[in-house]
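Chains, contacts and geometry: an overview
Now for the letters of each chain:
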Amino acid sequence: MEQVNTVDDYLKKLSRYDIYNNVFYRGQSEEYKSITSSVSRDSGYTMNESAIYRETLKMKTVEFEDLISPIERLSKMQHYGIPTRLVDLTIDPLVALFFAVQKIDSESHGNIYVFVQPELSLNDKRIKLLSLLATLESPEIDGIKSSYLEYYSKSITEDEILEFASEGAFIKHSVELQKSNQRLFCQKGTFAICGNEVIGKEIKKSVLPLDSIEPTMVIRIPFEYKQAVKKELDEKYNINETTIYPEFPSVADYLKEKYKKVDFNLEDTYNIHEVEDISHVGARRCSIVAVLNKVLRIEEVKHIGIQIIEQYRRTNDVVWVYIAKNGDDYIMRNWMIRGQWIRESLDPRFKPHFIGELDELGYIWRFEKSYSTMADYYDEYVLVDDKILFTLNMKTFEELEPHYKNMLSVFESGDMKDLELYAFDNASVITKFFLNFGDYGHSRNDEFNKYLNNFQEVALHLDNLVLWLKKEGLNSRARRYQISNCIKDAKLHFDRIKEHAPYWKKTINLSDDEYNEFDPEKIKRKEYQYKQTIPLNPDGLDVNFNLDIYRNSDNTVNIRGTTNLFDEASLMISLRKPNGLLLAQNKSLVENGRFDFGRLGKEGTGFENGKYNVDISLAVPSVQNKEFVLKAGIEYENLKGKYVDRTGIGPTVSYTEEFEI
């Protein structure tokens, strides 16, 4: 999910889909956790879908007499609010944005779901079947076959029925649909039609939500910005209730909302958590951190920032204010808005850089563009139970402790050569400890986080020790001085861990039995996993590579090669030892099917004799050249083969080859 605060940011975010014609949008409030058709929101509707269809036609014969196909009739029913298996969509992103922010008084965020999916005509076999299912009392295969033949004068196979019935489909925006649904013209609307639950060869009556088809992107407009975005849509794009809904009552809703007076009452809306004096000889400066007590619109939050600045500007030359939406965001320093005020008469030498845009009143603002979605990320992937955090860190620390004590002992003995040998042999292990400590997550207790930081600091200073040992150009005295600092800093944090461990274990109420029962290997943290949302092209490019590895006389290597990847693909090469230690990296663009990474290794020294691995990777689409993505697709849906990887944070291409010097 991604966040936008303005219409311009929204359109910019969507510009990545300019290469596609088949893009569909749906805007709705985030309080609805699923995209469902109206017929599936009540089991009574679902079980009586065909009865609703038949009774509608019977009661409004005149209204439907010119509409022959089931899909046209369902569209008309959808217009009148009758439960159907259709889901309203639009091909206009601004219309979807309006629906996402329409209810400005609801504290739910607004979401826009973006789908890049095949667009099917009303005469497509899949659309015909799915709309026909809505009219049938029994979804038995033989009955469907005969009804399909009767309705459309064409046959359909059992395999087609089972395949088409199990998943929704997206209907191409067309003039034909507009004659059955007046709003479609104003809203540039069309539909997705939902499928049925299929178990084995049995089609169930239950209608699936559209969630069975993964959206290519979900964009959130936080509640704080909904009113501002809705106003921007009206003033800049003439998109409002009156243009979206052709019925006259929409005018009343529009005018009442437009001219309603809104008063700000900021009493008890926030608490100040930190006030820090950061003055220096040239300027009196302070920094204030505030946390909101309730959900507010962004203009109200801005007024809080002004109110805080006004309290401190009398005694300061520079005031910074940081506002978090809640306690979790405060812990993670995930600010919603930052404010700044600088005394105009302050000597220019002591004026700090502006943090954002200067307004007409002399305040500088930075409105953060991802605070809302980052809060979700922290809640899901970063903030962890204190008992788990303590156990993960402490048990990893117990594994690191022998390395720390060994390095400390060798250093104190004065044998730098032994220290170097031990450090180099265990360099990758120490780095892994450092990365593990940083990956275990955060507590909602700020003081506990400060304690947990000691674990990573120990590993960091040991890791830095290895780097100083490897650093060239240092005399022995300078090297020993830097290593001594690393040892001293590591010992400081090591001692803090030991000293305060009993206190924190008691504070978080962690018993010895609980600690011993926790197995770090079995504690599975949730990790982000990429999902393919754009259907793969069965005729896509089957990626291949052919390397030419040339050893130079000084044991450096030149690596070039050929590939069938489209031109302008940006490739990265990594040269590693078999144990994974990285030795060299470089980049190259593909031109006319060729790439050249040039010389790898330090000229004159090169690499030791032995085996090495060459890893060539094509990074995720978001960092690739636009010319390449135009052909490969924004999800590499036009690439296939054994080197294409669709796991992790996004689709990549990876090729590995071993060679020997």
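Everything below is about the structure shown above.
Residues numbered from 1 in each chain as written. Predicted model: local features only at pLDDT ≥ 70, side-chain atom pairs only at ≥ 80, totals over all residues. Heavy atoms only, no water.

**Comments concerning the overall build of the protein chain**
- Along the protein chain, the regular secondary structure elements total 24 helices and 26 strands.
- Based on the C-alpha atoms only, the size of the protein chain along its principal axes is roughly 100 × 70 × 55 Å.
- Within the protein chain, the proportion of its 661 residues that are buried is 48%.
- Put simply, of all contacts in the protein chain between residues at least 6 apart along the chain, 71% involve residues at least 24 apart.
- Per element, the accessible surface of the protein chain, about 34200 Å² overall, is 48% carbon and sulfur. (Helix = DSSP H or I, 4+ residues; strand = E, 2+ residues; numbered from the N terminus. Buried < 20%, exposed > 50% of the residue type's maximum accessible area, 1.4 Å probe, protein only. Contact = heavy atoms within 4.5 Å. Areas by Shrake-Rupley, 256 points an atom, 1.4 Å probe, with all protein chains shown as cover.)

**Some thoughts on the nonpolar core**
- In this structure, Tyr10, Leu97, Ile112, Phe545 and Leu639 are the most contacted members of the largest nonpolar core, which totals 83 residues.
- Excluding residues within four positions of it along the chain, leucine 97 makes contact with Val7, Tyr10, Ile112, Ile221, Val229 and Leu233.
- Counting residues in hydrophobic clusters, the runner-up holds 41 residues, among them Leu392, Tyr404, Val410 and Tyr440. (Core = buried A, V, L, I, M, F, W, Y, C linked by side-chain atoms within 4.5 Å.)

**Topic: the packing of aromatic side chains**
- Scanning all chains against the criterion turns up 31 aromatic pairs.
- A centroid spacing of 6.3 Å and a plane angle of 75 degrees characterise the contact between phenylalanine 99 and tyrosine 245, whose relative ring orientation is edge-to-face. A residue pair is termed long-range when its members are at least 10 positions apart, and phenylalanine 99 in helix 6 (residues 93–101) and tyrosine 245 in the loop between helix 13 (241–244) and helix 14 (249–258) qualify at 146 residues.
- Given the relative accessible area of 22%, phenylalanine 99 is considered partly exposed.
- Classification of tyrosine 245 as buried rests on a relative accessible area of 16%.
- Taking 6.2 Å as the distance between ring centres and 65 degrees as the angle between the ring planes, the aromatic pair formed by phenylalanine 545 and tyrosine 643 counts as edge-to-face. Taken as a pair, phenylalanine 545 in strand 18 (residues 545–551) and tyrosine 643 in the loop between strand 24 (639–640) and strand 25 (644–645) lie far apart in primary sequence, 98 residues in all. (Phe/Tyr/Trp six-rings, centres within 6.5 Å; stacked < 30°, edge-to-face > 60°.)

**Some remarks on empty space enclosed by the protein**
- The full count for this structure, using the stated rule, is one cavity of 30 Å³ or more.
- Roughly 80 Å³ of internal volume is contained in the largest cavity.
- Around the largest cavity sit 13 residues that line it, and Glu49, Leu133, Leu136, Asn196 and Lys205 are the ones nearest its centre.
- Listing elements by their share of the lining of the largest cavity, those giving two or more residues are helix 2 (43–47), helix 3 (49–59) and strand 9 (202–207). (1 Å grid on protein atoms, 1.4 Å probe; cavity = no way out; pocket = protein on both sides within 12 Å on 5 of 7 lines; lining within 4 Å. Points joined across faces, edges and corners; volume = space filled by probe spheres on them.)

**Quick word on the pairing of strand 19 (residues 557–563)**
- The buried fraction of strand 19 amounts to five of the seven residues, a majority that puts the element mostly inside the structure.
- Relative to strand 19, strand 18 runs antiparallel, the two sharing seven bridges. Among the inter-strand pairings, leucine 547 is bridged to a residue of strand 19, identified as glycine 561.
- Pairing of strand 19 with strand 22 (residues 594–600), which is carried by five bridges, proceeds in the antiparallel orientation. Within the sheet, the bridge partner assigned to glycine 561 lies in strand 22 and is phenylalanine 595. (Pairing = 2+ DSSP bridges.)

**What about the sheet that holds strand 12 (residues 285–292)?**
- The sheet built from six strands is open, its strands ordered 11-12-13-14-16-15 with mixed pairing. Here the strands that pair on one side only, and so sit at the sheet edges, are strand 11 (270–277) and strand 15 (357–358).
- Pairing geometry for strand 14 (residues 335–342) and strand 16 (residues 363–367), over five bridges, is antiparallel. Bridge pairing links tryptophan 341 to tyrosine 363 in strand 16.

**A look at the layout of surface pockets**
- Taken as a whole, the second largest pocket encloses approximately 1400 Å³ of empty space.
- Lining of the second largest pocket is provided by 41 residues; of these, Gln227, Ala228, Val229, Lys231 and Glu232 occupy positions nearest its centre.
- Mapped by element, the contributors of at least two residues to the lining of the second largest pocket are helix 12 (223–237), helix 14, helix 15 (298–312), strand 15 and strand 16.
- Residue composition of the lining of the second largest pocket, grouped by class: 13 nonpolar, six polar and 22 charged. (Nonpolar A, V, L, I, M, F, W, Y, C, P; charged D, E, K, R; others polar.)

**Details of the environment of glutamate 635**
- The topology assignment puts glutamate 635 in the loop between helix 24 (626–632) and strand 24.
- Judged by relative accessible area, glutamate 635 falls into the buried class, the value being 7%.
- Separated by 17 residues in the primary sequence, glutamate 635 and threonine 652 have C-alpha atoms spaced 9.1 Å apart.
- The residues contacting glutamate 635, other than those within four sequence positions of it, are Thr216, Tyr530, Gln532, Thr533, Ile534, Pro621, Arg646 and Pro651.
- At 3.4 Å, the side chain of glutamate 635 and the side chain of tyrosine 530 are in polar contact. (Polar contact = N/O pair within 3.5 Å; in protein donor to acceptor, adjacent residues only side chain to side chain.)

**Remarks on a negative patch on the surface**
- Together, Glu398, Glu399, Asp519 and Glu521 line one region of the surface with negative charge.
- Here aspartate 519 is to be found in the loop between helix 23 (512–517) and strand 17 (541–542).
- In this structure aspartate 519 comes out as partly exposed when scored by relative accessible area, which is 30%. (Patch = residues over 30% accessible without salt bridge, like charges linked within 9 Å, V, L, I, M, F, W, Y side chains within 5 Å. Salt bridge = Lys/Arg side-chain N within 4 Å of Asp/Glu carboxyl O. Lys, Arg positive; Asp, Glu negative; His and termini not counted. Charge placed at Lys NZ, Arg CZ, Asp CG, Glu CD.)

**A short note on the pattern of salt bridges**
- Considering all chains together, one arrives at 38 salt bridges under this definition.
- Between arginine 338 and glutamate 368 there is a salt bridge; the shortest N-O distance is 2.7 Å. Here glutamate 368 lies in the loop between strand 16 and helix 17 (371–382) and arginine 338 lies in strand 14, a separation of 30 residues in the sequence.
- Residue glutamate 368 is classed as buried on the basis of its relative accessible area, which comes to 12%.
- Between aspartate 596 and arginine 560 there is a salt bridge, with the nearest N and O atoms lying 3.7 Å from each other. Of this pair, aspartate 596 sits in strand 22 while arginine 560 sits in strand 19; the two residues are 36 residues apart in sequence, bridging distant segments of the chain.
- The exposure class of arginine 560 is partly exposed, given its relative accessible area of 28%.
- Connected through salt bridges with shared partners, the residues Glu2, Lys13 and Arg16 form a single ionic network.

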